[in-house]
Every structure is written in C-alpha cells, then in structure tokens.
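Summary of structural features
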Amino acid sequence: MSSILDVFLPTRCVVCGAGGGSICSPCEGSLKRLGLPLCERCGATTAWPVERCRECSGRRIAFSHARAAVEYDEAAKRLVGAWKERGQRSLSRVAAEIVDGVVARPDAYTLTFVPADDNRFLKRGHNPAERLASELGRCWELPVLSLLRRRPGVGRQRGLTLAERRRNVRGLFHATGPAPRAVVLADDVYTSGATVSAAATALRQAGARRVEVVTFARAVR
Ligand SMILES: [Zn+2]
Ligand SMILES: [Zn+2]
C-alpha cells in the first residue's frame, strides 16, 4: 500500500510541504543533531560530559547506553508522524542515514527493534522501529533479528506522566528466544526511556549482557 502511494502521490517535503522529495534538504539540514556533551548513560544533552544526569540518575535502567540522532522538536515530530502514518520507505532510509551520520556504530553483532503493538501494526501495516533497524542494519552491516514480543493489554504511553510511563511498561515485552550477548535496540523516538528500558529488560532476561539503544529522535527537556 505505502509503495503504491509513494509512486502515485506527488512527493512533498513532510516538514514544509515543498515539492521534490519526501524531505527537502533545508528541512533535513534544520533537524537539530544531538552532539556532545551528553550524558554517557542516557544520551541527554548536558552542559558538560557526565556519567549519569538529572534525567536518569537514581533510576534503574536496563540498557547500557542510549543515543539518538536529532532533537524531537516540531520538524522531527512532523517527519516521525509522516513516517509512522504513511510508512514511506524513503523516510526510513532518511532517518537511518541521519542516525548513521550522528551516532557512532555500536559495538554489537545484532540489531533488534521495539515491536509494535498488534493493533497499530495491523492499522499501519508496518513498524517504524523495525524499518529503522533494517535500514541501520544495511548501513552498519549488522543482521537484524526480531527478538521481542509485546504482551497484549498493556496500556499506551501517551498522555501519561514520566512516573506513570515507567510503571506502565513493566513486563510489557518478552523475548521470543535466547538473545545474543550484545544487542543494539532500535526505536523511532526516545521519550522517557521507559519503553526501551522495558525492552532491554526482556533482552537481558533472555541472556543479553549489553543492550545499546539507538533512536532517531529524542525528547530534550
Ligand atoms: Zn522542507
Ligand atoms: Zn542521563
């Protein structure tokens, strides 16, 4: 479906609406890349390099590090929104190329992704996190494995406070089998870190020793 739409709809920049491509180069250039200094652990932007920051200190986090390419600002929200709703393959590629340009290739042998819930997958017909993983797998020459399942009936995160989000995702994922020792976990957006931490917990319960999180965008507080 999405590939048919890609062919027959005139392609316009998903951020500003200019013609000629799924994102125009000024808009692509205007996405705010997340550079140093960062929190070593969760990837938050900080005034100077720190091991843990205000956002993540004192929290139990199941991943080793989280890194993201761009700030989740209005332009990034439009791009991610179009990418999720329309599933344009070209946007997955754009997102992966931006990640590849900003985030160092993690030291791991396998890529996996946060699974979509069944309803949304059925509605959209694709999972943006899986598409991002598959494009990153190409850039980084890493195999992509589907290692996680989402337990049905666990609530959505939208509209919840940070504390509620963290409670809400406990036990949300389970692994489908043994996980490799070092895994890169891809998702589209890092908001509170609760979802990727729950996914990393499931991977570690399945035998992963190190889980590195990579997302396209990250909320900046
Ligand atoms: Zn544009
Ligand atoms: Zn931090």
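See above for the structure.
Okay, so let's go over this structure. (Residues numbered from 1 in each chain as written. Chains lettered and ligands numbered in written order. Predicted model: local features only at pLDDT ≥ 70, side-chain atom pairs only at ≥ 80, totals over all residues. Heavy atoms only, no water.)

**A short note on the nonpolar core**
Across soluble globular proteins, you tend to see nonpolar side chains buried next to one another. Stated formally: Only buried residues count toward a nonpolar core, which is a set of Ala, Val, Leu, Ile, Met, Phe, Trp, Tyr and Cys residues joined through side-chain atoms within 4.5 Å. For the exposure calls, accessible area comes from a 1.4 Å probe over protein chains only, and a residue counts as buried if that area is under 20% of its type's maximum, exposed if over 50%, partly exposed in between.
One finds Leu31, Val99 and Phe216 to be the most contacted residues of the largest nonpolar core, which totals 38 residues. Cys56, Leu148, Phe173 and Leu185 belong to the second-largest nonpolar core, a separate cluster that totals 30 residues.

**What to know about the pattern of salt bridges**
Here the idea is simple: oppositely charged side chains can pair when their charged atoms come close. Operational definition: The term salt bridge refers to a side-chain nitrogen of Lys or Arg lying within 4 Å of a carboxyl oxygen of Asp or Glu. The secondary structure listing takes helices from DSSP runs of H or I that are at least 4 residues long and strands from runs of E that are at least 2 residues long, numbered from the N terminus.
Scanning the entire structure with this criterion turns up eight salt bridges. Put simply, Arg221 and Glu55 hold a salt bridge, and the shortest N to O gap is 2.9 Å. Of the two residues, Arg221 sits in the segment after β6 (210-218) while Glu55 sits in the loop between α2 (25-30) and β1 (65-71), which places them 166 residues apart along the sequence. On the basis of relative accessibility, which here comes to 51%, the residue Arg221 falls in the exposed class. Using a relative accessible area of 17% as the deciding quantity, one classes Glu55 as buried.

**Remarks on the coordination of the zinc ion (ligand 2)**
To keep it simple, the criterion reads: Each metal site is built from N, O and S donor atoms within 2.8 Å (3.2 Å for Na, K and Ca), and since water is not included, such sites may look incomplete. A four-donor site is called tetrahedral if each angle lies between 85 and 135 degrees; a four-donor site is square planar, and a six-donor site octahedral, when trans pairs exceed 155 degrees and the remaining angles lie between 65 and 115; all other cases are labelled irregular.
Every protein donor of the zinc ion (ligand 2) is accounted for by Cys39 (SG), Cys42 (SG), Cys53 (SG) and Cys56 (SG), and the metal-donor separations fall at 2.3 to 2.4 Å. Angles of 100 to 115 degrees at the metal separate the four donor atoms of the zinc ion (ligand 2), which places the site in the tetrahedral class. The motif formed by the donor residues of the zinc ion (ligand 2), counted along the single chain, is C-x2-C-x10-C-x2-C. Taken together, the residues Cys39 in the loop between α2 and β1 and Cys53 in the loop between α2 and β1 connect sequence positions 14 residues apart.

**Digging into unusual backbone geometry**
With an omega of -5 degrees, the peptide bond between Leu36 and Pro37 qualifies as cis. Assignment of secondary structure puts Pro37 in the loop between α2 and β1. Phi at Glu141 is positive, roughly 55 degrees, even though this residue is not glycine.

**Description of the coordination of the zinc ion (ligand 1)**
The reference angle at a metal is 109.5 degrees if four donors form a tetrahedron and 90 or 180 degrees if six donors form an octahedron. Each protein donor to the zinc ion (ligand 1) is listed here as Cys13 (SG), Cys16 (SG), Cys24 (SG) and Cys27 (SG); together their distances run 2.3 Å. For the zinc ion (ligand 1), the four donor atoms in the first shell make angles of 101 to 116 degrees at the metal, so the coordination geometry reads as tetrahedral. Donor residues binding the zinc ion (ligand 1) come from one chain and are separated in sequence as C-x2-C-x7-C-x2-C. Here Cys13 is found in the loop between α1 (2-8) and α2, whereas its partner Cys27 is found in helix α2, with 14 residues between them in sequence.

**As for the layout of surface pockets**
Rules: The definitions used throughout rest on a 1 Å grid laid over the protein atoms alone, on which a cavity is an enclosed set of points accommodating a 1.4 Å probe that cannot get out and a pocket is an open set flanked by protein within 12 Å on both sides along at least five of seven lines; lining residues are those having an atom within 4 Å of a point. Grid points are joined across faces, edges and corners, and a volume is the space filled by probe spheres set on the points. When residues are sorted by character, Ala, Val, Leu, Ile, Met, Phe, Trp, Tyr, Cys and Pro go into the nonpolar class, Asp, Glu, Lys and Arg into the charged class, and all the rest, Gly among them, into the polar class.
In this model, the second largest pocket occupies a volume close to 460 Å³. Forming the walls of the second largest pocket are 18 residues, and the residues nearest its centre are Arg60, Arg166, Arg170, Ser197 and Thr201. For the lining of the second largest pocket, the secondary structure elements donating two or more residues are α7 (162-168) and α8 (194-205). It is α8 that provides the largest number of residues to the lining of the second largest pocket, a total of six residues. The residue makeup of the lining of the second largest pocket, split by class, is nine nonpolar, four polar and five charged.

**Looking at the packing of aromatic side chains**
What counts here: Aromatic contacts are taken between Phe, Tyr and Trp rings whose centres are within 6.5 Å, Trp giving its six-membered ring; a plane angle under 30 degrees counts as stacked, one over 60 as edge-to-face, and the others as tilted. In this analysis the charged atom, NZ for Lys or CZ for Arg, is taken to sit over a ring once it is within 6 Å of the ring centre and within 35 degrees of the ring normal.
Applying the stated rule across the entire model yields two aromatic pairs. For the ring pair Phe63 and Tyr190, a centre distance of 6.3 Å and an interplane angle of 75 degrees mean the geometry is edge-to-face. With a gap of 127 residues between them, Phe63 in the loop between α2 and β1 and Tyr190 in strand β5 (residues 182-190) connect regions that are remote in the sequence. Neither Phe63 nor Tyr190 differs from the other in exposure class; each is buried. Ring geometry for Trp83 against Phe216: centres 6.0 Å apart, planes inclined by 85 degrees, an arrangement best described as edge-to-face. On the criterion of sequence distance, the pair formed by Trp83 in helix α3 (residues 74-86) and Phe216 in strand β6 is long-range, its members being 133 residues apart. In this pair, the class of Trp83 matches that of Phe216, namely buried. Here the guanidinium or amino end of Lys77 rests over the ring plane of Tyr72, the centre of that ring lying 5.4 Å away.

**As for the pairing of strand β2 (residues 110-113)**
The condition is simple: At least two DSSP bridges between two strands are needed for those strands to be called paired.
Side-chain alternation along β2 places Thr110 and Thr112 on one buried face and Leu111 and Phe113 on a second face that is also buried. Examined bridge by bridge, β2 and β5 share four bridges and lie parallel to one another. If you follow Thr110 over to β5, its bridge partner there is Val183.

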